[in-house]
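# Overview (structure and organization)
What follows is each chain in one-letter form.
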Amino acid sequence: MSFHVVIPARYGSSRLPGKPLLSIAGKPMVAHVYERALQSGASDVVVATDDERIQAVMRDLGAPVVMTRSDHPSGTDRLQEVAAHFGWADDEIVVNVQGDEPLIPPAVINQVADNLRQADAAGIATLAEPLENAEQLFNPNIVKLVRDHDGHAMYFSRAPMPWARDAFARNRAELPPEAVSLYLRHLGIYAYRVGFLHDYVSWPPALIEQVEALEQLRALYRGVRIHVDIADVALPPGVDTAEDLERVRRLLEASGA
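So, here's what we can say about the structure. Numbers given to residues run from 1 along each chain, matching the order in which its sequence is written. Local features in a predicted model are, by the rule used here, given only for residues with pLDDT of at least 70; side-chain atom pairs are given and counted only at 80 or more, and totals for whole chains, interfaces and linings are based on all residues. Neither water nor hydrogens contribute to the side-chain values; these are computed over all heavy atoms in the structure.

Moving on to the nonpolar core. We call a set of buried residues a nonpolar core when its members are Ala, Val, Leu, Ile, Met, Phe, Trp, Tyr or Cys and they connect through side-chain atoms within 4.5 Å of each other. Burial classes follow relative accessibility: with a 1.4 Å probe on protein chains only, a residue under 20% of its type's maximum area counts as buried, one over 50% as exposed, and anything between as partly exposed. In this structure, Val5, Ile7 and Val95 are the most contacted members of the largest nonpolar core, which totals 34 residues. Elements that contribute at least two residues to this core include exactly β1 (4-9), α1 (29-38), β4 (44-49), α2 (52-60), β6 (93-96), α4 (106-118), β7 (122-130) and β10 (184-193). We call two residues in contact whenever any of their non-hydrogen atoms come within 4.5 Å of each other. Excluding anything up to four places from it in sequence, valine 5 contacts Ala37, Ser40, Ala42, Asp44, Val45, Val46, Val95, Val97 and Ile109. Membership of the second largest hydrophobic core comes to 29 residues, among which are Val6, Ala83, Ala153 and Phe196. Numbering of helices and strands runs from the N terminus, with a helix taken as a DSSP run of H or I at least four residues long and a strand as a DSSP run of E at least two residues long.

Quick look at the structure:
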């Protein structure tokens, strides 16, 4: 199974400026992501950035780097520029691995690529995991989803869904035991067919995408199928805050990575 991995890495971050280059166990964060992606079955791994500092650091480490435009509205648009740069064919698969996922297991990269290859009707594949409790369900920072009988996404939302009308009328402190399998948390790893990427950038943002602030809703709005599987292994949280950074530093320093 052949596929590409692209790691979008932006220097700007409102909470952690210069996030991809922050040091973890003696290496820049994005270098950890790159090394883990190399352990997957990808035919190649490319870093996509609009910042010369990231370009210089990663090239010194031997990583292929593509300098992309600075005005991309989303990571999906940045991936499309990389695919066009290399001239990848429409039926090739690209996995988007975020540059702030220094603990990402290579197995989930392989899984999402393999899922898309097997899902002929889908333009995108992604992963989910079961929600653990009602607090997660009601947290707008955690994206929820529902699937159809073929494992394709019906909708993604920051709102609680599906809404258990009778159960939540009685108690919102726990997930309804009879429907607990329905409650899924979206994990932010995607595999795309290159042809879809070229279509995506030609479409204007959908209103529902803007309202929910979820770019994958543009695809659903256009009728593109998104295959969703349950992750085979747990996907550790990424680095969004200073607290996340310190947690990851402790984990990787303890492991000697």
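A separate point is the environment of serine 202. Structurally, serine 202 can be placed in the loop between α7 (194-200) and α8 (207-212). Separated by 121 residues in sequence, serine 202 and glutamate 81 place their C-alpha atoms 12 Å apart. Under this definition, polar contacts are N or O atom pairs within 3.5 Å; protein pairs additionally need one hydrogen-donor-capable and one acceptor-capable atom, and for neighbouring residues in sequence, both atoms have to be side-chain atoms. In terms of polar contacts, serine 202 uses its side chain to reach the backbone carbonyl oxygen of aspartate 199, at 2.6 Å.

Expected span of a helix: the number of residues minus one, times 1.5 Å. The terminal C-alpha atoms of helix α10 (residues 242-255), which comprises 14 residues, lie 20 Å apart, in line with the 20 Å expected from a rise of 1.5 Å per residue. Residues Asp244, Leu245, Val248 and Leu252 constitute the buried set of α10. For α10, the arc enclosing every buried residue in end-on projection is 95°, short of the 170-degree limit, so these residues lie on one face. Facing away from the buried side of α10 by more than 90 degrees, the exposed set consists of Glu243, Arg250, Glu253 and Ala254. On its buried side, α10 packs onto β2 (23-24) and α1. Note that the arc is computed from the directions linking the helix axis to the C-beta atoms.

Next up on the list: the packing of aromatic side chains. Pairing of aromatic rings covers Phe, Tyr and the six-membered ring of Trp, with a centre-to-centre limit of 6.5 Å; geometry is then stacked below 30 degrees between planes, edge-to-face above 60, and tilted otherwise. Applying the stated criterion to the full structure yields nine aromatic pairs. When the centroid spacing of 6.1 Å and the interplanar angle of 85° are considered together, the rings of phenylalanine 138 and tryptophan 163 count as edge-to-face. Here phenylalanine 138 is found in the loop between α5 (134-137) and β8 (144-147), whereas its partner tryptophan 163 is found in the loop between β9 (153-157) and α6 (165-170), with 25 residues between them in sequence. Residue phenylalanine 138 is classed as partly exposed on the basis of its relative accessible area of 30%.

Next up on the list: the side chain of aspartate 77. Counting through the fold element by element, aspartate 77 comes out in helix α3 (residues 75-86). The charged side chain of aspartate 77 is buried without a salt bridge, its nearest counter-charge being arginine 218 at 4.8 Å. Residues contacting aspartate 77, with those up to four places away along its chain left out, are His72, Tyr200 and Val201. Positive charge is attributed to Lys and Arg, negative charge to Asp and Glu, and no charge count is given to His or to the chain ends. Definition used for salt bridges: Asp or Glu carboxyl oxygen within 4 Å of a side-chain nitrogen of Lys or Arg.

Moving on: the layout of surface pockets. Here the term cavity refers to a set of points on a 1 Å grid, laid over the protein atoms alone, in which a 1.4 Å probe fits but cannot get out; the term pocket refers to an open set having protein on both sides within 12 Å along at least five of seven lines, with lining residues being those that place an atom within 4 Å of a point. Grid points are joined across faces, edges and corners, and a volume is the space filled by probe spheres set on the points. The computed volume of the largest pocket comes to approximately 1800 Å³. Forming the boundary of the largest pocket are 43 residues, of which Gln98, Asp100, Glu101, Gly188 and Asp240 lie nearest the centre. Residue assignment for the lining of the largest pocket shows that the elements contributing at least two residues are β1, α3 and β10. It is β10 that contributes the most residues to the lining of the largest pocket, six residues altogether. Grouping the amino acids of the lining of the largest pocket by side-chain chemistry returns 15 nonpolar, 16 polar and twelve charged. For this scheme, ten residues count as nonpolar: Ala, Val, Leu, Ile, Met, Phe, Trp, Tyr, Cys and Pro. Four count as charged, namely Asp, Glu, Lys and Arg, and the remainder, Gly too, count as polar.

Within the structure shown, the criterion is met by one cavity of 30 Å³ or more. Of the pockets and cavities examined, the largest cavity occupies roughly 40 Å³. Every residue lining the largest cavity is listed: Thr76, Ile124, Tyr190, Tyr192, Phe196, Tyr200, Glu215, Gln216 and Ala219. At the level of elements, β10, α7 and α9 (216-221) are the ones that each hand at least two residues to the lining of the largest cavity. By residue class, the composition of the lining of the largest cavity is six nonpolar, two polar and one charged.

This paragraph deals with the environment of leucine 137. Here leucine 137 shows up in helix α5. For leucine 137 and glutamine 210, which are 73 residues apart along the polypeptide, the C-alpha to C-alpha distance reads 21 Å. When near neighbours in sequence (up to four residues on either side) are disregarded, leucine 137 contacts Leu131, Lys144, Ala159, Pro160, Met161, Phe168, Leu175 and Tyr183.

Throughout the structure, instances matching the rule amount to nine salt bridges. Between glutamate 35 and lysine 27 there is a salt bridge whose closest N-O contact spans 2.9 Å. The exposure class assigned to glutamate 35 is partly exposed, which follows from its relative accessible area of 32%. Aspartate 244 serves as the salt-bridge partner of arginine 247, at 3.8 Å between the closest nitrogen and oxygen. Residue arginine 247 and its partner aspartate 244 are located together in helix α10, separated by three residues, close to a single helical turn. A relative accessible area of 22% places arginine 247 in the partly exposed class. Look at aspartate 244 and you get buried, because its relative accessible area is 18%. What you see here is one network of salt bridges that share partners, running through Lys19, Asp100 and Asp240.

No statement about biological role is implied by the geometric values presented.
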